[in-house]
Amino acid sequence: MGDVEEEKNPAVAADGGREKGQDAAAVAVAAEREHDVDDLIRELQVIIDSVAAFGDYRRTQRKESFNLVRRLKLVTPLLEEIQELEGPIPDAAYARLCSLLKAFTAAKKLLRCCHDGSRIYLALEGEAVMCRFHMVYEKLNRALDGMPYEELGISDEVKEQVELMSVQLRRAKRRTDTQDMELAMDLMVVISKRDDRNADGAIIERLAKNLELQTLPDLRAETMAIKKLIKERCGQNGESTQQIIDLLNKFKQTAGIEDTNGLSDVTLPKYLEKCPSLMIPNDFLCPISLEIMMDPVIVATGQTYERRSIQMWLEAGHRTCPKTRQTLAHLSLAPNYALRNLILQWCERNKVELLKREPEQDPDHSERKEEIPTLVGDLSSIHLDAQRRAVKKLRMLSKENPDNRVAIAKHGGIPALVSLLPYPDSKIQEHTVTALLNLSIDEGNKRLIAKEGAIPLIIEILKSGTVEAKENSAAALFSLSMLDENKVTIGSMNGIPPLVDLLQKGTIRGKKDAATALFNLVLNHRNKARAIEAGVVAPLRQVLDDKNLGMVDEALSIFLLLASHPDGRAAIGQLPFIEALVRLIKDGTPKNKECALSVLLELGSHGSSFLLAALQFGVYDHVREVEKSGTNRGQRKAKSLLQLMRKCEHV
């Protein structure tokens, strides 16, 4: 799953690469035609059929993958006409078929990665993966450009079809980066680990949904894909690998999967330290904990789980099989002695010592859950102390786990809490908005909170509440704005100006809450204009200049979104801002440089004046330096910006 490597194949070994000397390649092939043309064409057709059978692809590369498969299929008529020819084909044509097989092999390898590779890896390395698509497009073009259609007698219709595909490939290779900004920001916030409140839990849930890593089978498949990735990396890219593992562990926690020692297959538990290359049979792993089962039991659907894990699942109130989602006819657990014996034999044979775990019990959990109906009722009490106690306790319970959040909503807690938002008591107000923040992690609760009319009330607290209430109101708006309809509602109800005010005057935590909420909101086009009108540029500039805040990348991400709007370009494209971008490209962190280059590239693609100003501040040499020694993403951005600058100089 690293860079796309070319699989060695006797039929493609003859391709010496084609620049202008097509004849040289043909001469090289003429000396050793070890493969029959029919066999060569058959291999190409097998690849087309096999990639077509992949079916679906990871969300982050789905569109590009389907486009590539469609283009590979367009070559089929050409292959069929060549196969129908009588007599041997020219050496030049054979050389191009060898090159085509080389390109098809690289395409298949890439498509397989996008089909069953790690979803987290593909999201984090999205731009690098796009570069691999461009490499495949280049290989395909080089193979098809040299095809002697006239000499082969290929029909005009097929020739035009293949030439059209070549035009599409060149256009695709020139296409600029269209990275999912929402996904990129979510990954940035989560990986930074600066704030571990439940607002981050909301981001984790959105990421899990967008990456399709919410179900137990998907998480198990992701675990295996990451294990394969680690093996392929051979200890390299350690920081990136750890980020992938950490994020997967967060997804597991969100899904309610037990995780005491991290992911066994990924983080290498102690019982595998002496044999890290050992492959654990999938059937030995509990589908919930993804660890070797010590006490496997069978549930009503016939699926097997670790006793401790399935008991925790059932005690949480679930009445379905975690793997199949079928309703359980009964809750009895039958020991799977046969599987247990197989596991013990395997462990003994491979010298694996299973860890003994102490049972974890939380006797107070059920008792606290039973309190919820009473606490919701106390929210309407005529006694202020009872209300304070109830809302504070619900705030705590809503933070603890997903089951509590569902139970609070089920017992009517959301309407009752919303009714307390305008209450004059500052402590009740503070606890209430924080409880709603916690509850909003659940997507269903997001809609219910908005439906109950909470948004204008939260905006009011954002304007006039206590410091903590303002911060948690901003975090609540961030969480609610993950739904597109709530982005529109918050913007239309003037929720952006108080967020801009918090960004300018708030505490460090308040500024961070405001920035993440504003980023979410300006993903909506109309909200870009509202943010600019509210004066967001000035406080964003302050954030950009204050290195102690550690929010340069977040500010640049918002600037990048604003730069896509005409009013945004007019507001931010002033000389002091251009100079600040140049300074970051010169002296910033690698991530600062990437983000600053992205903003300047966006501005420059809409007007040469921005680039001319940057050139006056000496940006050219700094961009050249990033192109030579920056990160992979930074180098790509620098290369695109240099190309744009050269065009600008010739205008």
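See the structure printed just above.
Predicted model, so just to flag it, every value in this text is computed and none were measured.

### Some points on the pattern of salt bridges
Moving on, step 1. Applying the stated criterion across every chain, the model contains 20 salt bridges.
Moving on, step 2. With its nearest N and O atoms 2.9 Å apart, the salt bridge here joins glutamate 468 to arginine 395. Placement of the pair is glutamate 468 in helix H25 (residues 467-480) and arginine 395 in helix H19 (residues 384-400), with a sequence separation of 73 residues.
Moving on, step 3. Relative accessible area serves as the criterion here: at 19%, arginine 395 is assigned to the buried category.
Moving on, step 4. Its salt-bridge partner being lysine 427, residue glutamate 430 comes within 3.4 Å of it at the nearest N-O pair. In this pair, glutamate 430 and lysine 427 both sit in helix H22 (residues 426-439), three residues apart, roughly one turn of the helix.
Moving on, step 5. Under the relative-accessibility criterion, lysine 427 is labelled partly exposed at 43%.

### Digging into the packing of aromatic side chains
Moving on, step 1. This model, assessed by the stated rule, comprises four aromatic pairs.
Moving on, step 2. Ring geometry for phenylalanine 133 and tyrosine 137: centres 6.4 Å apart, planes at 45°, overall tilted. Here the residue phenylalanine 133 and the residue tyrosine 137 both occupy positions in helix H7 (residues 126-145), the gap between them amounting to four residues, near one helical turn. Accessibility assignment for this pair places phenylalanine 133 and tyrosine 137 in one class, buried.
Moving on, step 3. Centre to centre, the rings of phenylalanine 559 and phenylalanine 577 are 4.5 Å apart; their planes meet at 45°, and the pair counts as tilted. Of this pair, phenylalanine 559 sits in helix H31 (residues 552-562) while phenylalanine 577 sits in helix H33 (residues 575-587), and the two are 18 residues apart along the sequence. With respect to burial, phenylalanine 559 and phenylalanine 577 carry one shared label: buried.
Moving on, step 4. One aromatic cluster is present, formed by Phe54, Tyr57 and Phe66 through successive ring pairs.
Moving on, step 5. Positioned above the aromatic ring of tyrosine 137, the side-chain terminus of arginine 71 is 5.7 Å from the ring centre.

### A look at the packing of H33 against helix H36 (residues 619-629)
Moving on, step 1. Running from amino to carboxyl end, H33 crosses H36 at an angle of 35°, the nearest separation of the two axes being 9 Å. Like other packed secondary-structure pairs, H33 and H36 cross with a definite hand, here left-handed. For the pair H33 and H36, contact is made by Val582, Ile585 and Lys586 and by Val619, His622, Val623 and Val626, respectively.
Moving on, step 2. Residues of the contact of H33 with H36, tallied by class, amount to five nonpolar, one polar and one charged.

### A word on a negative patch on the surface
Moving on, step 1. A cluster of like negative charges, contributed by Asp156, Glu157, Glu160 and Glu163, occupies part of the molecular surface.
Moving on, step 2. When you line up the elements, glutamate 157 lands in helix H9 (residues 156-174).
Moving on, step 3. We classify glutamate 157 as exposed; its relative accessible area is 64%.

### Details of the sheet that holds strand E2 (residues 304-306)
In a beta sheet, neighbouring strands are held together by backbone hydrogen bonds and run either parallel or antiparallel to one another.
Moving on, step 1. A sheet is described by the order of its strands in space; here three strands give the open sequence E2-E1-E3, paired in antiparallel fashion. Pairing within the sheet leaves two strands with one partner each, and these edge strands are E2 and strand E3 (334-335).
Moving on, step 2. With two bridges joining them, strand E1 (residues 296-298) and E3 adopt antiparallel strand pairing. Bridge pairing in E3 places valine 297 opposite proline 335.
Moving on, step 3. Sitting on the sheet, helix H15 (residues 307-315) is in contact with E1, E2 and E3, with an inclination near 95° to E2.

### Some words on unusual backbone geometry
Moving on, step 1. A positive phi angle is found at glutamate 212, which is not glycine, with a value near 60°.
Moving on, step 2. One can find glutamate 212 in the loop between helix H11 (198-210) and helix H12 (216-233).
Moving on, step 3. On the accessibility criterion, glutamate 212 (29% relative accessible area) is partly exposed.

### Section: the environment of threonine 324
Moving on, step 1. With respect to the helices, strands and loops of the structure, threonine 324 is situated in the loop between H15 and E3.
Moving on, step 2. Between the C-alpha atoms of threonine 324 and glycine 302, which are 22 residues apart in sequence, the distance is 10.0 Å.
Moving on, step 3. Ignoring anything within four residues of it in the chain, the contact list for threonine 324 reads Thr301 and Gln303.

### Concerning the nonpolar core
Note on soluble globular proteins: their nonpolar side chains tend to be buried together.
Moving on, step 1. Within the largest apolar cluster, 168 residues are counted, with the highest numbers of intra-cluster contacts made by Leu78, Leu97 and Phe251.
Moving on, step 2. The leading source of residues in this core is helix H5 (residues 91-116), at 14 residues.
Moving on, step 3. Residue assignment places this core across two domains, with domain 1 (24-173) and domain 2 (181-255) each supplying three or more.

### Looking at the side chain of threonine 105
Moving on, step 1. On the secondary structure map, threonine 105 appears in helix H5.
Moving on, step 2. Judged by its relative accessible area of 10%, threonine 105 is buried.
Moving on, step 3. Within the structure, threonine 105 has its side chain in polar contact with the backbone oxygen of leucine 101 (distance 2.7 Å).

Here is what the cut-offs are and how they apply
Residues numbered from 1 in each chain as written. Predicted model: local features only at pLDDT ≥ 70, side-chain atom pairs only at ≥ 80, totals over all residues. Heavy atoms only, no water. Salt bridge = Lys/Arg side-chain N within 4 Å of Asp/Glu carboxyl O. Helix = DSSP H or I, 4+ residues; strand = E, 2+ residues; numbered from the N terminus. Buried < 20%, exposed > 50% of the residue type's maximum accessible area, 1.4 Å probe, protein only. Phe/Tyr/Trp six-rings, centres within 6.5 Å; stacked < 30°, edge-to-face > 60°. Lys NZ or Arg CZ within 6 Å of the ring centre and 35° of its normal. Axes fitted to C-alpha atoms, helices over the stretch in contact; angles between N-to-C directions. Left-handed = near helix turned anticlockwise from the far one by under 90°. Contact = heavy atoms within 4.5 Å. Nonpolar A, V, L, I, M, F, W, Y, C, P; charged D, E, K, R; others polar. Patch = residues over 30% accessible without salt bridge, like charges linked within 9 Å, V, L, I, M, F, W, Y side chains within 5 Å. Areas by Shrake-Rupley, 256 points an atom, 1.4 Å probe, with all protein chains shown as cover. Lys, Arg positive; Asp, Glu negative; His and termini not counted. Charge placed at Lys NZ, Arg CZ, Asp CG, Glu CD. Pairing = 2+ DSSP bridges. Core = buried A, V, L, I, M, F, W, Y, C linked by side-chain atoms within 4.5 Å. Domains from an automatic or database assignment. Polar contact = N/O pair within 3.5 Å; in protein donor to acceptor, adjacent residues only side chain to side chain.

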